[in-house]
Amino acid sequence: MHLVCDALPPLQRGPALSAAAVCLGSPFRGDDAVGPVVADRLRAIGAPLLECADEPTRLLDLWAGLDVVVVDALRSGAPPGTLHRVEVGDGPLPRDLRLASTHAMGIADALELGRALGRAPRRVMVLGVEGASFGVGDEMTPEVARAIDVLVAAVREELGLEGQCTSER
(Lines give C-alpha, C1' and ligand atoms only; values in the text may rest on other atoms or scores of the structure.)
Protein backbone atom coordinates (compact mmCIF):
# COMPACT_ATOMS: atom_id res chain seq x y z
CA MET A 1 0.00 0.00 0.00
CA HIS A 2 2.91 2.38 0.67
CA LEU A 3 3.91 2.32 -2.99
CA VAL A 4 0.44 3.42 -4.08
CA CYS A 5 -0.19 6.06 -1.43
CA ASP A 6 3.30 7.60 -1.29
CA ALA A 7 4.69 6.78 -4.71
CA LEU A 8 5.69 10.38 -5.49
CA PRO A 9 8.27 12.35 -3.51
CA PRO A 10 7.17 15.57 -1.79
CA LEU A 11 7.08 18.67 -3.98
CA GLN A 12 10.37 20.54 -4.16
CA ARG A 13 10.11 24.13 -5.25
CA GLY A 14 12.39 27.17 -5.15
CA PRO A 15 11.17 30.66 -4.21
CA ALA A 16 7.44 31.04 -3.70
CA LEU A 17 5.50 31.72 -6.88
CA SER A 18 1.80 32.34 -7.32
CA ALA A 19 1.72 32.49 -11.13
CA ALA A 20 3.97 31.54 -14.03
CA ALA A 21 3.92 31.10 -17.79
CA VAL A 22 4.54 27.90 -19.72
CA CYS A 23 5.56 28.69 -23.31
CA LEU A 24 5.32 25.75 -25.69
CA GLY A 25 6.50 25.26 -29.23
CA SER A 26 9.47 24.79 -31.51
CA PRO A 27 11.58 27.59 -32.95
CA PHE A 28 12.11 25.43 -36.05
CA ARG A 29 8.46 24.91 -37.07
CA GLY A 30 7.12 28.21 -38.45
CA ASP A 31 4.25 29.60 -36.40
CA ASP A 32 4.95 27.07 -33.65
CA ALA A 33 7.81 29.42 -32.66
CA VAL A 34 5.25 31.64 -30.88
CA GLY A 35 5.96 30.03 -27.49
CA PRO A 36 9.76 30.32 -27.64
CA VAL A 37 9.55 33.93 -28.90
CA VAL A 38 7.17 34.90 -26.08
CA ALA A 39 9.37 33.04 -23.55
CA ASP A 40 12.42 35.06 -24.69
CA ARG A 41 10.51 38.31 -24.21
CA LEU A 42 9.24 37.27 -20.79
CA ARG A 43 12.67 36.05 -19.72
CA ALA A 44 14.11 39.47 -20.65
CA ILE A 45 11.86 41.17 -18.08
CA GLY A 46 12.36 38.53 -15.39
CA ALA A 47 8.87 37.07 -15.64
CA PRO A 48 8.31 33.70 -13.96
CA LEU A 49 8.58 30.88 -16.48
CA LEU A 50 8.22 27.16 -16.03
CA GLU A 51 10.49 25.23 -18.37
CA CYS A 52 9.44 21.80 -19.55
CA ALA A 53 12.02 21.21 -22.30
CA ASP A 54 9.25 20.06 -24.66
CA GLU A 55 8.11 17.39 -22.22
CA PRO A 56 4.96 18.62 -20.41
CA THR A 57 5.09 15.90 -17.74
CA ARG A 58 8.11 17.77 -16.30
CA LEU A 59 5.63 20.43 -15.18
CA LEU A 60 3.99 18.18 -12.58
CA ASP A 61 6.38 19.23 -9.82
CA LEU A 62 6.56 22.85 -10.98
CA TRP A 63 2.99 24.02 -11.47
CA ALA A 64 1.12 22.41 -8.56
CA GLY A 65 -1.01 25.08 -6.89
CA LEU A 66 0.01 27.91 -9.24
CA ASP A 67 -1.96 30.07 -11.65
CA VAL A 68 -0.51 29.02 -15.01
CA VAL A 69 -0.64 30.81 -18.34
CA VAL A 70 -0.02 28.40 -21.22
CA VAL A 71 1.28 30.08 -24.39
CA ASP A 72 1.26 28.24 -27.71
CA ALA A 73 0.28 28.40 -31.35
CA LEU A 74 -3.20 27.03 -31.99
CA ARG A 75 -5.12 25.50 -34.86
CA SER A 76 -8.85 26.11 -34.79
CA GLY A 77 -9.60 27.22 -38.35
CA ALA A 78 -9.61 30.94 -37.46
CA PRO A 79 -7.55 33.36 -39.58
CA PRO A 80 -3.79 33.33 -38.86
CA GLY A 81 -2.83 35.81 -36.16
CA THR A 82 -6.16 35.52 -34.31
CA LEU A 83 -5.62 35.65 -30.56
CA HIS A 84 -7.32 33.05 -28.37
CA ARG A 85 -7.96 33.25 -24.63
CA VAL A 86 -9.41 30.19 -22.92
CA GLU A 87 -9.95 29.80 -19.18
CA VAL A 88 -9.72 26.06 -18.63
CA GLY A 89 -11.59 25.64 -15.34
CA ASP A 90 -11.89 22.24 -13.67
CA GLY A 91 -12.49 20.24 -16.84
CA PRO A 92 -10.19 19.15 -19.62
CA LEU A 93 -8.95 21.51 -22.31
CA PRO A 94 -11.72 22.06 -24.87
CA ARG A 95 -11.55 19.53 -27.72
CA ASP A 96 -11.78 22.25 -30.36
CA LEU A 97 -8.70 23.95 -28.90
CA ARG A 98 -5.89 22.21 -30.74
CA LEU A 99 -2.50 23.23 -29.45
CA ALA A 100 0.25 22.88 -32.01
CA SER A 101 2.18 20.30 -29.97
CA THR A 102 3.84 17.48 -31.86
CA HIS A 103 4.57 15.43 -28.74
CA ALA A 104 2.91 12.15 -27.83
CA MET A 105 1.88 13.56 -24.44
CA GLY A 106 0.78 17.16 -24.66
CA ILE A 107 -0.13 19.82 -22.14
CA ALA A 108 -3.75 18.60 -21.93
CA ASP A 109 -2.52 15.14 -20.95
CA ALA A 110 -0.09 16.59 -18.39
CA LEU A 111 -2.91 18.66 -16.90
CA GLU A 112 -5.15 15.62 -16.48
CA LEU A 113 -2.28 13.57 -15.04
CA GLY A 114 -1.49 16.40 -12.61
CA ARG A 115 -5.12 16.47 -11.48
CA ALA A 116 -5.11 12.71 -10.92
CA LEU A 117 -1.89 12.94 -8.89
CA GLY A 118 -2.86 16.02 -6.89
CA ARG A 119 -0.23 18.14 -8.68
CA ALA A 120 -2.36 20.35 -10.89
CA PRO A 121 -2.24 24.10 -11.26
CA ARG A 122 -4.78 26.11 -9.29
CA ARG A 123 -5.89 27.91 -12.46
CA VAL A 124 -5.02 27.46 -16.15
CA MET A 125 -5.39 30.15 -18.80
CA VAL A 126 -4.44 29.35 -22.39
CA LEU A 127 -3.29 32.32 -24.45
CA GLY A 128 -2.50 31.47 -28.02
CA VAL A 129 -2.31 32.75 -31.52
CA GLU A 130 -3.80 31.01 -34.54
CA GLY A 131 -1.05 29.63 -36.71
CA ALA A 132 -1.02 28.55 -40.33
CA SER A 133 2.49 27.28 -41.05
CA PHE A 134 3.99 24.47 -38.95
CA GLY A 135 6.45 22.71 -41.25
CA VAL A 136 10.04 22.11 -40.22
CA GLY A 137 12.10 25.04 -41.49
CA ASP A 138 9.06 27.24 -42.24
CA GLU A 139 9.22 30.94 -41.39
CA MET A 140 6.70 32.46 -39.01
CA THR A 141 3.81 33.95 -41.01
CA PRO A 142 3.56 37.78 -40.94
CA GLU A 143 0.12 37.68 -39.29
CA VAL A 144 1.46 35.61 -36.41
CA ALA A 145 4.58 37.76 -36.06
CA ARG A 146 2.37 40.88 -35.79
CA ALA A 147 0.36 39.26 -32.99
CA ILE A 148 3.38 38.63 -30.73
CA ASP A 149 3.36 42.02 -28.96
CA VAL A 150 -0.34 41.72 -28.10
CA LEU A 151 0.18 38.15 -26.89
CA VAL A 152 3.11 39.17 -24.66
CA ALA A 153 1.01 42.01 -23.21
CA ALA A 154 -1.82 39.57 -22.46
CA VAL A 155 0.58 37.19 -20.68
CA ARG A 156 2.05 40.08 -18.68
CA GLU A 157 -1.45 41.12 -17.63
CA GLU A 158 -2.32 37.58 -16.50
CA LEU A 159 0.93 37.42 -14.51
CA GLY A 160 0.42 40.88 -12.98
CA LEU A 161 3.41 42.43 -14.79
CA GLU A 162 1.61 45.18 -16.76
CA GLY A 163 4.12 47.97 -15.98
CA GLN A 164 7.20 46.27 -17.42
CA CYS A 165 8.58 46.89 -20.92
CA THR A 166 8.24 44.06 -23.45
CA SER A 167 9.15 45.44 -26.87
CA GLU A 168 12.26 44.03 -28.45
CA ARG A 169 14.76 46.78 -29.03
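To be clear, the structure that these remarks concern was listed above.
What counts, and where the lines are drawn
- Sequence order sets the numbering: in each chain, residues are counted from 1 along the sequence as written.
- The predicted origin of the model limits local features to residues at a pLDDT of at least 70 and limits the giving and counting of side-chain atom pairs to 80 or more, whereas totals for whole chains, interfaces and linings rest on all residues.
- With hydrogens and water excluded, all non-hydrogen atoms of the structure serve as input to the side-chain values.
- Elements are defined by DSSP. Helices are runs of H or I of four residues or more, strands are runs of E of two residues or more, and each kind is numbered from the N terminus.
- Partly exposed residues are those whose accessible area sits between 20% and 50% of the maximum for their type, while under 20% is buried and over 50% is exposed, using a 1.4 Å probe and protein chains only.
- In this description, contact between two residues means that some pair of their heavy atoms is separated by no more than 4.5 Å.
- Side-chain atoms alone can form a polar contact between residues adjacent in sequence; in general such a contact is a pair of N or O atoms within 3.5 Å, and within protein one must be able to donate a hydrogen while the other accepts it.
- The salt bridge criterion pairs a side-chain nitrogen of Lys or Arg with a carboxyl oxygen of Asp or Glu, the two atoms within 4 Å.
- What we call a nonpolar core is a set of buried Ala, Val, Leu, Ile, Met, Phe, Trp, Tyr and Cys residues that are connected through their side-chain atoms within 4.5 Å.

Draft legend 1. Region of the structure containing the overall build of the chain. Scanning the chain for helices and strands turns up four helices and five strands. Each helix and strand of the chain, ordered N terminal to C terminal, gives the series α-β-α-β-β-β-α-β-α. By residue count, 45% of the 169 residues in the chain fall in the buried class. If you take every contact in the chain between residues at least 6 apart in sequence, the share linking residues at least 24 apart comes to 79%.

Draft legend 2. Expanded view of the environment of phenylalanine 134. Secondary-structure assignment places phenylalanine 134 in the loop between β5 (123-130) and α4 (142-159). Separated by 104 residues in sequence, phenylalanine 134 and glycine 30 place their C-alpha atoms 4.9 Å apart.

Draft legend 3. Structural context of the side chain of histidine 84. Tracing the backbone through its elements, the reader meets histidine 84 in strand β3 (residues 83-87). A polar contact is formed between the side chain of histidine 84 and the side chain of glutamate 130, at a distance of 2.9 Å. The residues touching histidine 84, leaving out its near neighbours within four places in the chain, are Leu74, Ser76, Ala78, Val126, Leu127, Gly128, Val129 and Glu130.

Draft legend 4. Fine view of the pattern of salt bridges. By the definition in use, this model includes nine salt bridges. Between aspartate 149 and arginine 41 there is a salt bridge whose closest N-O contact spans 2.7 Å. Placement of the pair is aspartate 149 in helix α4 and arginine 41 in helix α2 (residues 34-44), with a sequence separation of 108 residues. On the basis of relative accessibility, which here comes to 39%, the residue aspartate 149 falls in the partly exposed class. On the accessibility criterion, arginine 41 (12% relative accessible area) is buried.

Draft legend 5. Layout of the nonpolar core. Core analysis: the biggest nonpolar cluster contains 25 residues, and Cys23, Val34, Val38, Leu42, Val71, Val155 and Leu159 have the highest contact counts within it. Mapped by element, the contributors of at least two residues to this core are β1 (19-23), α2, β2 (67-75), β5 and α4. Among the elements that line this core, the one with the most residues is α4, at seven residues. The residues touching valine 38, leaving out its near neighbours within four places in the chain, are Cys23, Val71, Ile148, Leu151, Val152 and Val155. Core analysis: the second largest hydrophobic core is formed by 18 residues, Leu59, Trp63, Val68 and Val70 among them.

Draft legend 6. Region of interest: α2. Where α2 is concerned, the buried positions are Val34, Gly35, Pro36, Val38, Ala39, Arg41 and Leu42. On the buried face of α2, the contacting elements are β1, β2, β5 and α4. Note on α2: the residue one or two positions beyond its end, glycine 46, has a positive phi of about 75°.

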